Amino acid sequence: MDLPFPFGLPFASAFYGALLALTFTMHLVFAQIVLGGTAWLAILGIKNAPHDSVAQTLRNWLPFALGIAITLGVAPLLFLQIVDKQGFYTAGLLGSHRFMAILPALIVGFYLLYLQKKLGNMAHRSWRVLLPILTLLAFTLTGYSWSEQHVLAQDRDVWASMYAASRMRYSGAEVLPRFLFFASTSLPTVALAVLLLTSEAKRCAGVAWIGIAGMLVSAAWLFGTMPPSRLAAWSGGNLAWSIALAAGLATAAAGWSLVRFRSRIRPALLVPSWLVVVLSIAALREGLRIASLRTRGAAREQLVRAHERAFEVGGFPVFVLFALLLVCLLAWLSRRVARELSRSPGA
Amino acid sequence: MQDFPYYPVLDFGPAMKGMVIGGIGVFHVFVAQFAIGGGWLLCLLQWRSWKRGDALARRFLDSYFRVLVLISFVVGALTGVGMWLTSIQVSARTIGMMVDEFHWIWATEWLFFLAEVIAGYTFYRYASRLTDSTRFLLLLVYSLAAWGSLFWINGILSWQLTPGGEHGVGSVWRGFFNPSFWPSLVYRSFVSLTLGGLAALAVVQAMQGITREERGHLARTCSLVLVPMTVMPLVGIWYVSVLPEDSRAWITGGSALMTMAFGIAVAASSLLGLYVVFGVLWKRLNVSFATAMLLLGLAFGASGAGELVREGVRKPYTIRDLLYANSLTQDDVERFRVLGSVRDDPWPLREPAPTASLQTGHRVFRLQCSVCHTLNGANGVDHLVETWRPDQMRMNLASLQHTKSFMPPFAGNATELEALVQFLLWRRSGEPGEWTDTTTREDLDKNHRWLVEATTAPRSLADQSTPKQGGGR
Ligand code: HEM
């Protein structure tokens, strides 16, 4: 597979892989807003800035962002079960209760976010520090668990020994830097969201810069932990996506510099470049997932056959029909709501 | 042969796997149905506020909606994901087959879920600044989308019980609109209305700052969505009438647990229906908070028992005619009768027994039995075979589906059967560090003969057919 993902794959595999990457991108954007937003809120809590406009914006919007992140997580969860059934199921079974702990963690995280929204700046100082830190812990556990699960799904050599030892925690060297990479990426993502909602341009740029630096450091660390066989996957099509990622990152960095030093906000530059970054990450993940099967001919063959079988199943036109209807309905409703809001007294 | 997907088999200690999924399942269904029924009630209230200027209905609506969003959006969604992850823990192959067959249905359901969340959040944030008609529209989209998710998922879940038609290419819609689709949809829709209405009654009673009359007025409005509950017994009869005969037999005396659960579901829903019609709507009784909670508890019991019945009557399958409860297909059973079932099992044993044959027995137990039995906890196989003599054990295990018809046929050869027997005998002897296998040629021959006599067909089919498949060594 030397062409960039999803090209060069058998059609069914490319189709489901692309759907997974696209829906994952949507999920990732909101998951990152939640993760990065909670981290930012925790820092603001420690700095004791109750009336801070960023803190207020975050408190106001994060419960909604979490609801959307969860909802958007369901679609990649579905397509993942077609793309890599065996890897996902096996990793889920091995991680067992450890992996399932993300569910209570998310429920607790949601109610803590809601509590912060309700309390607003009325909360006592200690609560303003403690609540976001606890929330951050819940979302960190969630994000980390997904990274752990993703790497474990591909590390087939450890499966049997992990099972035999009843070990639910997978401690592959890649997991931590990988998660830190995603955590760093979440800072520019939330900075962009806050930038679009407030006028705090300079602070957003600062946060975005920290995130971009974190991405570079954690990526370097991640490469350092990879065995040569995994590094070899970084060629051909995957290299192309890496270049797209680097280009998106460089453009975003330039955009944030304009924001920081010239106070010029250019959503038309920042939003697409960041989308390129997130989309490249998603595509690269899939390209690397496929590359991890390169040496396992039988497993790969089986997977391709499974994708082909899935592709023969009916129902796709109905999905497309309802997707179009949904888009039209939401567009119509949002126009109507926006019109009424602009006329209402609270506008 | 390597096409058989061996997944790691988990051990939940003394708990049966079904208990784990059942617990989350009942809770999730309860919350999800509450959200659906609640949505329709909100539409009714908004309609009254819009068309009849009912200010009280509007006040109530706004506070009830917050409860609905706070509980259902996140807890409902996450317990739904929880159901998915737990199903994987219990039977990855079942959920895998369902995803393969119905992923576009699931993807469509997800679109409805998305619409529900977006309409719901928009209402939550902006309703106070919107006109009555837009508020109504948003609630209508919310309710239709929530009920739509039920519509889609109902097709997949009812397919497990009555798949109808051929499995394979092009069968999605035949499978989706399967024989139990409509009764099951009506049943679930009515349960949803009931849960939404009862929860609303509790909120009405907990509301501050309204008079007794206002409370009574609101309670009667909320009770309107409870009316369909009264025809629940008829829906129950319809549902039972489309069940396959053997499934029906479980709830009519074939299994004590299933019969009891079915009885609880019928009795609790009838009681609820009667109370609503005679007490609330006709006699206009004032429903106190405690009574509302009690009724909600009754509804929880009814819906829990209903779900238990739905899960239970599928036995010995998880997907009728396609996949046995232990994740084996009929083809697997026939193949494994010849080749053995654990020869290629790549998963090591966590506590290996002293001999290779005992280890084989343990693996056979893990693959074929452990989904419904523990070793010595709930439904523990140690206790069940406690009094069986070795030959009795051989015969009963060889003809598993005849021993109890909610078990699948044994899917191994004579040697694996013997290994399982030895493993159970070894456990009965207190798991000694050394074990001398006393199996004779004659024992294996007996195993072989009993396997042949039992055939590979499941009980209901086996009853009608003459033995057709050979067992192997
Ligand atoms: C705030 C909550 C969440 C956060 C911060 C979060 C974060 C993440 C991150 C960082 C990844 C990438 C992991 C990696 O590639 O190393 C990921 C993947 C994923 N997440 Fe989430 N997530 C959250 C909630 C959820 C929920 C609730 C679901 C399911 C409904 C979900 C479904 C997925 C899926 C399916 C993947 C792809 C896994 C794979 O391809 O191996 N996430 N998530």
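Residues numbered from 1 in each chain as written. Chains lettered and ligands numbered in written order. Predicted model: local features only at pLDDT ≥ 70, side-chain atom pairs only at ≥ 80, totals over all residues. Heavy atoms only, no water.

Caption draft 1: Representation of the overall build of chain B within the structure. Scanning chain B from N- to C-terminus turns up 18 helices and two strands. When its C-alpha atoms are laid out on the principal axes, chain B stretches across 85 × 45 × 40 Å. Here chain B, with 473 residues, has 59% of them falling under the buried criterion. The contacts in chain B between residues at least 6 apart in sequence include a share of 74% that link residues at least 24 apart. Accessible area for chain B stands at about 18,400 Å²; split by element, carbon and sulfur atoms hold 62% of it. On chain B, the mean spot of the 40 positive side-chain charges and the mean spot of the 36 negative ones are 11 Å from each other. (Helix = DSSP H or I, 4+ residues; strand = E, 2+ residues; numbered from the N terminus. Buried < 20%, exposed > 50% of the residue type's maximum accessible area, 1.4 Å probe, protein only. Contact = heavy atoms within 4.5 Å. Areas by Shrake-Rupley, 256 points an atom, 1.4 Å probe, with all protein chains shown as cover. Lys, Arg positive; Asp, Glu negative; His and termini not counted. Charge placed at Lys NZ, Arg CZ, Asp CG, Glu CD.)

Caption draft 2: How the structure looks around the nonpolar core. By size, the foremost hydrophobic cluster in this structure holds 240 residues, and its most contacted members are A:Trp40, A:Trp256, B:Phe60, B:Tyr64, B:Ile88 and B:Leu397. Looking at which element gives the most residues to this core, the answer is helix α2 (residues 55–126) of chain B, with 38 residues. In this view, A:Trp40 contacts A:Val54, A:Leu58, A:Val190, A:Ala191, A:Val194, A:Arg203, A:Cys204 and A:Val207; residues no more than four positions away in its chain are not counted. (Core = buried A, V, L, I, M, F, W, Y, C linked by side-chain atoms within 4.5 Å.)

Caption draft 3: Structural context of the environment of B:Arg129. All names here are of chain B. Mapped onto the elements, Arg-129 comes out in the loop between α2 and α3 (132–161). A residue is classified by how much of its surface remains accessible, and Arg-129, at 28% relative accessible area, is partly exposed. Each C-alpha atom of the pair Arg-129 and Ala-249 lies 56 Å from the other, and the pair is 120 residues apart in sequence.

Caption draft 4: Seen up close, the side chain of B:Thr79. All names here are of chain B. Mapped onto the secondary structure, Thr-79 falls in helix α2. Among the residues examined, Thr-79 registers a relative accessible area of 9% and is labelled buried. Side-chain polar atoms of Thr-79 contact the side chain of His-28, separated by 2.9 Å. (Polar contact = N/O pair within 3.5 Å; in protein donor to acceptor, adjacent residues only side chain to side chain.)

Caption draft 5: How the structure looks around the pattern of salt bridges. Going through the model one piece at a time under the given rule, you end up with 24 salt bridges over all chains. Between A:Glu148 and A:Arg98 there is a salt bridge whose closest N-O contact spans 2.2 Å. Placement of A:Glu148 in helix α5 (residues 125–154) and of A:Arg98 in helix α3 (residues 85–100) is noted, with a sequence separation of 50 residues between them. Here A:Glu148 falls in the buried class, since its relative accessible area comes to 5%. Here B:Arg93 makes a salt bridge to B:Asp332, at a shortest N to O gap of 2.7 Å. Here B:Arg93 is found in helix α2, whereas its partner B:Asp332 is found in helix α11 (residues 330–339), with 239 residues between them in sequence. With respect to class, B:Arg93 is no different from B:Asp332; both count as buried. (Salt bridge = Lys/Arg side-chain N within 4 Å of Asp/Glu carboxyl O.)

Caption draft 6: Looking closely at the site of the ligand. The ligand sits among 23 residues. The nearest are A:His27, A:Ser147, A:His150, A:Arg178 and A:Arg285. Among the chains of the assembly, those with residues near the ligand are chains A and B. In the environment of the ligand, an oxygen atom lies 2.8 Å from a nitrogen or oxygen atom belonging to the side chain of A:His150. Measuring from an oxygen atom of the ligand, one finds a side-chain N or O atom of A:Arg289 at 2.8 Å. Looking at the shell around the ligand, the elements that each hand over two or more residues are α1 (11–46), α2 (53–83), α5, α7 (175–197) and α11 (267–291) of chain A. (Near = heavy atom within 4 Å.)

Caption draft 7: A look at the interface of chain B and chain A. On the side of chain A, 68 residues touch chain B, which itself brings 62 residues to the contact. Carbon and sulfur atoms supply 75% of the area that chain B and chain A bury against each other, a total of about 6,300 Å² over both sides. When the buried area of chain B at its contact with chain A is split by residue, B:Trp104, B:Trp110 and B:Arg129 rank highest and sum to 13% of it. There are 17 residue pairs in polar contact (both at pLDDT 80 or more) connecting chain B and chain A. At the level of secondary structure, the elements contributing two or more residues to the side of chain B that touches chain A comprise α2, α3 and α4 (172–176) of chain B. The residue makeup of the side of chain B that touches chain A, split by class, is 44 nonpolar, eleven polar and seven charged. (Buried area = accessible area lost by both parts, 1.4 Å probe. Nonpolar A, V, L, I, M, F, W, Y, C, P; charged D, E, K, R; others polar.)

Caption draft 8: Quick look at the packing of aromatic side chains. Residue and element names in this part refer to chain B. Enumeration over the complete set of coordinates arrives at 60 aromatic pairs over all chains. Judged by centre distance (5.3 Å) and plane angle (55°), the ring pair of Trp-47 and Phe-136 falls under tilted. Linking Trp-47 in helix α1 (residues 17–52) with Phe-136 in helix α3, this pair joins segments that are 89 residues apart in sequence. On the basis of an interplanar angle of 90° and a centroid distance of 4.7 Å, the ring pair of Phe-181 and Trp-182 is categorised as edge-to-face. Judged by its relative accessible area of 42%, Trp-182 falls in the partly exposed class. In this structure, Arg-449 packs its charged tip against the face of Trp-450, placed 5.8 Å from the ring centre. (Phe/Tyr/Trp six-rings, centres within 6.5 Å; stacked < 30°, edge-to-face > 60°. Lys NZ or Arg CZ within 6 Å of the ring centre and 35° of its normal.)

Caption draft 9: Fine view of a nonpolar patch on the surface. Residue and element names in this part refer to chain A. Together, Ile-46, Trp-127, Leu-130, Ile-133, Leu-134 and Leu-137 give the surface a local cluster of nonpolar side chains, amounting to about 550 Å² of exposed area. The biggest single contributor to the nonpolar patch is α5, with five residues. Tracing the chain through its elements places Ile-46 in helix α1. The class of Ile-46 is partly exposed, set by a relative accessible area of 48%. (Patch = residues over 30% accessible without salt bridge, like charges linked within 9 Å, V, L, I, M, F, W, Y side chains within 5 Å.)

Caption draft 10: Main features of the environment of B:Thr456. Residue and element names in this part refer to chain B. With respect to the helices and strands, Thr-456 occurs in the loop between α17 (441–454) and α18 (459–464). Assessed through its relative accessible area of 1%, Thr-456 is described here as buried. Separated by 263 residues in sequence, Thr-456 and Leu-193 have C-alpha atoms that sit 45 Å apart. For Thr-456, the side chain forms a polar contact with the side chain of Glu-334, separated by 3.4 Å.

Caption draft 11: Main features of the packing of helix α9 (residues 256–282) of chain B against helix α10 (residues 289–312) of chain B. Residue and element names in this part refer to chain B. Remark: α9 packs on α10, axes separated minimally by 8 Å, with the N-to-C direction vectors making an angle of 145°. The two elements α9 and α10 meet at a crossing, and its hand is left-handed. Judged by residue contacts, Leu-257, Met-258, Ala-261, Phe-262, Ile-264, Ala-265, Ala-268, Ser-269, Leu-271, Leu-272 and Tyr-275 of α9 engage Thr-291, Leu-295, Leu-298, Ala-299, Gly-301, Ala-302, Ala-305, Gly-306, Leu-308, Val-309 and Gly-312 from α10. Per-class residue counts for the contact of α9 with α10 are 17 nonpolar, five polar and no charged. (Axes fitted to C-alpha atoms, helices over the stretch in contact; angles between N-to-C directions. Left-handed = near helix turned anticlockwise from the far one by under 90°.)

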